[in-house]
Amino acid sequence: MSLAMVSAMPLVLSRNLILAGHDVHVVTGAPDFVFTSEVQSPRLFIRKVLLDCGAVQTDALTVDRLASLEKYSETAVKPRDSILATETKWLRSIKADLVVSDVVPVACRAAADAGIRSVCVTNFSWDFIYAEYVMAAGYHHRSILWQIAEDYSHCEFLIRLLGYCPMPAFRDVIDVSLVVRRLHKTRKEVRKELGIGDDVNLLILNFGGQPSGWKLKEYYLPSGWLCLVCGASDSQELLPNFIKLAKDAYTPDLIAASDCMLGKIGYGTCSEALAYKLPFIFVRRDYFNEEPFLRNMLEYFQSGVEMIRRDLLAGHWKPYLEHAVSLKPCYEGGINGGELAAHILQETAIGKYYASDKLSGARRLRDAIVLGYQLQRVDGRDICIPEWYANAENELNKSTRSPVAQKNEDGPPRSTWTGDFEILHGDLQGLSDTTSFLNSLLELDSAYDSGKNTEKLQMWEHKAAAGLFNWEEDIFATRAPGRLDVMGGIADYSGSLVLQMPIREACHVAVQRIHPSKNRLWKHAEARQNAKGQGATPVLQIVSYGSELSNRGPTFDMDLSDFMEGNQPISYEKARKYFAQDPSQKWAAYVAGSILVLMTERGVRFEDSINMLVSSAVPEGKGVSSSASVEVASMSAVAAAHGLNISPRDIALLCQKVENHIVGAPCGVMDQMTSAYGEANKLLAMVCQPAEVIGLVEIPGHIRFWGIGSGIRHSVGGADYGSVRIGAFMGRQMIKSVASAMLSRSLPRANGSMLDELEDYGAELLKHESSLDYLCNLTPHRYEALYAKMLPESIVGEAFLEKYTDHNDPVTVIDPKQTYVVRAPARHPIYENFRVKAFKALLSSATSDDQLTALGELLYQCHYSYSACGLGTEGTDRLVGLVQEKQHSKPSKSEDRTLYGAKITGGGSGGTVCVIGRNSLKSSQQIFEIQQKYKGATGYLPFIFEGSSPGAAKFGNLRIRRRFSF
């Protein structure tokens, strides 16, 4: 019997199948020794063919997302027809009985074309991995995901390994225990061969290649430690406490003989660390979606310790090694997954059916929204979220609780505050989420004092937070809500009027300013400071709750002196590069960036250490300004702790500098203004030129707004948002150029007539338009009369730069090779500004069905204008369609119609849809029905945003101190 195994299948599978008497043909691009070191048999045939490229890495820790998509396109998409023809012919030539893939998509399709059954064995699939890359590179790459999913659907079933990602495209699933390579030698035998005694602590460095330019130094290892180095180059010279291993060294034996492993996370390293109860110090790899699931599995079984990348490269290893050897790994499950999988494959090859429906060929796929990504799923299959991920989600829910602003209709605000903190300044304002946040601080205090590993401290972020504050010193707490973009959206950067509602969900930040001599440092931060030999110096330490749900590091720390260069703050550009060094900690730019901006813009100098705890209930990636709420709460807290009196408007503008210049996201200012300046149950009306608040608009009692999350991650740092912004600024530059030319009588009108004479009013308008500062200062009728036909549909960056030199946007950069859509992005803000003004006027008009219908129509027009710019998605379009379905259904045509309109919000490309309707129970019921229909279509239950809460300025700040009883 012949089996074709595509890609570097777990060697234990090949070995067991060969032992069972089968011929195994391996199709791979890996070196022969990867297989021959474990399996030496005439039944093993190796065919060197590369059928996909995986993830392209610039070094051992960094994945290049765009290059990965481009290489996959070159390797597997463009030559697809040729690959399928070749592989189908080859499979028939070897008379394969079964194709096993790990986890090459085209192998499943080739098997189907050859009439051969196929099975996949894996813990991840490439559609899930590439989904994140598509978000960064632009949605025009999505066809790659659909093709991969369609290929996987030809697979008969999936043998799923522990630590798995969601893989909805597979028809059926069989779970097996850990797949682990067998040991050839005992720990004692390995150490004897290496000449290493039992009294020596042994570390194995297992990166499969090392970060570029990295040199291992003697002081990296504490006294009494040696390190085995895998993947060292032939030319690399090592110091005496580092031992270079041969390229074909059998690593399972070496892992089992070691006391600790340091490396990057992959299935093989994780499974063997768990199997041999070896503590694993890991450094996060950038942009690889498999990692958080394996990482949570390691931590679940008390086997993992995360090392910050800069500590890896700087050699501050000691505190991590000490922590690792104190762990007690507790995995007690099976390690015979390879044998079980081989048995399943053998029975499948001889004709047994494991698939539940016994159907051949691909199943029809449906939309799936999984952890923020747009994927495809087999009809009828639930989206399976691993328990490791679910544990993290449950912990976040415990830490944030339900952020409800509870008000007593007949009396003063209600609160469940226990009073264990003395509130020296400020007011809870009856906000139960603030009460919950303060209670969570109390739990940290009691847990730290008792030293007990309570349920609350199971996650590393809570353990780090427990030692963050000195409870005898004052703590400052602030609160800043997210926002629902009712009208205005991306037109903010073009100077539009916007209408924004602060939502109920908010971010809380607790800050403590403390003298360095009193500050409690984390062990790795203390080790780094001791290495400098300067004594106690100001340090910034930040803990962010909910880190696992967005695959970011839970903590960040730095010496505040890193923000200085001589006597001056470092530039924003240097700060952006500083935070970008480690993408898992780039989130800290939103928080720590407030400190640098205050130093740069306000001349503030920070002599004390600063400890910060960030706890946000504003969901990330849903287009409701989670980043702005973090920035505003952080800036407000730091300002309060240092006695800085900054107006809400200036807080917002400073926070915009954080996001534009330090984070590097080209957002406008409306998000920060709403979070800082907004009030509950009112719309903030602001003209974004740059940030002029013109008032707060009461929401009429008969009108209500909801937000419905599409589940598709939104990012203003993504390619689509940035491209549309560039297109708008290109359009403005072209309009200015056309106006200048027309003013000098050098250009014909759009209708073909010449400008022989310029009337006084025409000349004045053209003068204004030739120096147009904001697109929204151009009226729709002037745009249509003079400029609409002059703007190209699109333009290549190089052609634009050659003719116009620059687009004059300080926060975006034109890529000369990219093609930018111009006409739609330029038209959108001009008409959006008009729509917002009309919307604001209608809100104060007489109550009627016509009023609501007109308001809803304006939302719809905005939505489809977003789509014309390229910022729509299937998910948000589906939600808007469901609202229209409710609006136009027969029961709703009577006088008690409920829902009237909907639109995509914020930066588009996913995120949340804003819905307007009548303030009634029936409307809420229809929102619930839309939520359930959407889940039925996509597998994702949308988050519903309803209600409002005060902005940061209205809330103010709390100054609190722990009460102690004596």
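Note that this is a predicted model, so its numbers are computed, not measured.

A.B. asks: So what about the overall build of the chain? Which residues, and what values?
C.D. replies: Looking only at helices and strands, the chain features 32 helices and 34 strands. Every one of the 966 residues in the chain was classed for burial, and the buried ones make up 60%. Contacts spanning at least 24 positions in sequence make up 70% of the contacts within the chain whose residues lie at least 6 apart. With the model as given, the accessible surface of the chain reaches about 37200 Å², and the carbon-plus-sulfur share is 50%.

A.B. asks: Can you tell me about the side chain of Asp-127, naming the residues and giving the values?
C.D. replies: Looking at the secondary structure, you find Asp-127 in helix α6 (residues 126-137). Look at Asp-127 and you get buried, because its relative accessible area is 1%. At a separation of 2.6 Å, a polar atom in the side chain of Asp-127 contacts the side chain of Ser-125. Among residues more than four places away in sequence, those in contact with Asp-127 are Leu-145, Ile-148, Ala-149, Tyr-152, Ala-169 and Leu-375.

A.B. asks: So what about helix α21 (residues 626-641)? Which residues, and what values?
C.D. replies: An ideal rise of 1.5 Å per residue puts 22 Å on 16 residues; α21 measures up with 23 Å between its terminal C-alpha atoms. For α21, the buried fraction is high: 16 of the 16 residues fall into the buried class. Immediately downstream of α21, the backbone of Gly-643 shows phi near 65 degrees, a positive value.

A.B. asks: Quick rundown of the nonpolar core? Include the residues and the values.
C.D. replies: If you look at the biggest cluster of nonpolar residues, it comprises 60 residues, and the most contacted ones within it are Leu-540, Phe-556 and Phe-563. Grouped together as the second largest cluster of nonpolar side chains are 56 residues, Leu-3, Ala-256, Phe-280 and Ala-349 included.

A.B. asks: Go over the sheet that holds strand β12 (residues 242-244), please, and point to the residues and values.
C.D. replies: Pairing is parallel across the open sheet formed by six strands, whose spatial order is β12-β11-β10-β13-β14-β15. Of all strands in the sheet, those bounded by a partner on one side alone are β12 and β15 (304-306). Across the sheet, the mean angle separating the axes of adjacent strands is 25 degrees when strand polarity is ignored. Both strand β14 (residues 280-282) and β15 contribute to a ladder of three bridges, which runs parallel. The residue of β15 that forms the bridge with Phe-282 is Glu-306.

A.B. asks: An account of the sheet that holds strand β32 (residues 912-918) is requested, with residue identities and associated values reported.
C.D. replies: An order of β31-β32-β28-β33 is seen for the four strands of this open sheet, with the pairing classed as antiparallel. Two strands close off the open sheet at either side, each with one partner strand: β31 (899-904) and β33 (944-945). Summarising the sheet, strand β28 (residues 703-709) and β32 pair through seven bridges and their orientation is antiparallel. Directly across from Gly-707, in β32, lies its bridge partner Cys-914. Taken strand by strand, helix α31 (residues 921-938) contacts β28, β31, β32 and β33, and its axis lies near 15 degrees from that of β28.

A.B. asks: Tell me what's going on with empty space enclosed by the protein, and back it up with residues and numbers.
C.D. replies: Tallied over the full model, the rule gives six cavities of 30 Å³ or more. Within this model, the largest cavity holds a volume of roughly 80 Å³. What lines the largest cavity is a set of 13 residues, and nearest its centre among them are Asp-367, Ile-369, Gln-374, Glu-874 and Gly-875. Only β16 (365-370), β17 (373-378), α30 (874-888) and α31 provide two or more residues apiece to the lining of the largest cavity.

A.B. asks: Could you give an account of the state of the cysteines, naming the residues involved and the relevant values?
C.D. replies: Scanning the entire structure with this criterion turns up zero disulfides. Cys-120 supplies the cysteine sulfur nearest to Cys-108, a cysteine that is in no disulfide, at a spacing of 3.5 Å. The thiol sulfur of Cys-862 is not disulfide-bonded, and the nearest other cysteine sulfur, from Cys-914, lies at 9.3 Å.

A.B. asks: With reference to specific residues and values, describe the packing of helix α4 (residues 80-93) against helix α5 (residues 105-113).
C.D. replies: For any two helices packed against each other, the geometry comes down to the angle between their axes and how far apart the axes lie. Between α4 and α5, the shortest axis-to-axis distance is 9 Å and the interhelical angle comes to 55 degrees. By the angle between their axes, α4 is oblique relative to α5. The crossing of α4 and α5 is right-handed. Residues Arg-80, Ile-83, Leu-84, Glu-87, Thr-88, Leu-91 and Arg-92 of α4 lie in contact with α5, whose contacting residues are Val-106, Arg-109, Ala-110, Ala-111 and Asp-113. Looking at side-chain class alone, the contact of α4 with α5 contains six nonpolar, one polar and five charged residues.

About the thresholds
Residues numbered from 1 in each chain as written. Predicted model: local features only at pLDDT ≥ 70, side-chain atom pairs only at ≥ 80, totals over all residues. Heavy atoms only, no water. Helix = DSSP H or I, 4+ residues; strand = E, 2+ residues; numbered from the N terminus. Buried < 20%, exposed > 50% of the residue type's maximum accessible area, 1.4 Å probe, protein only. Contact = heavy atoms within 4.5 Å. Areas by Shrake-Rupley, 256 points an atom, 1.4 Å probe, with all protein chains shown as cover. Polar contact = N/O pair within 3.5 Å; in protein donor to acceptor, adjacent residues only side chain to side chain. Expected span 1.5 Å × (residues − 1). Core = buried A, V, L, I, M, F, W, Y, C linked by side-chain atoms within 4.5 Å. Pairing = 2+ DSSP bridges. Axes fitted to C-alpha atoms, helices over the stretch in contact; angles between N-to-C directions. 1 Å grid on protein atoms, 1.4 Å probe; cavity = no way out; pocket = protein on both sides within 12 Å on 5 of 7 lines; lining within 4 Å. Points joined across faces, edges and corners; volume = space filled by probe spheres on them. Disulfide = S-S within 2.5 Å. Parallel < 35°, antiparallel > 145°, perpendicular 65-115°, else oblique. Left-handed = near helix turned anticlockwise from the far one by under 90°. Nonpolar A, V, L, I, M, F, W, Y, C, P; charged D, E, K, R; others polar.

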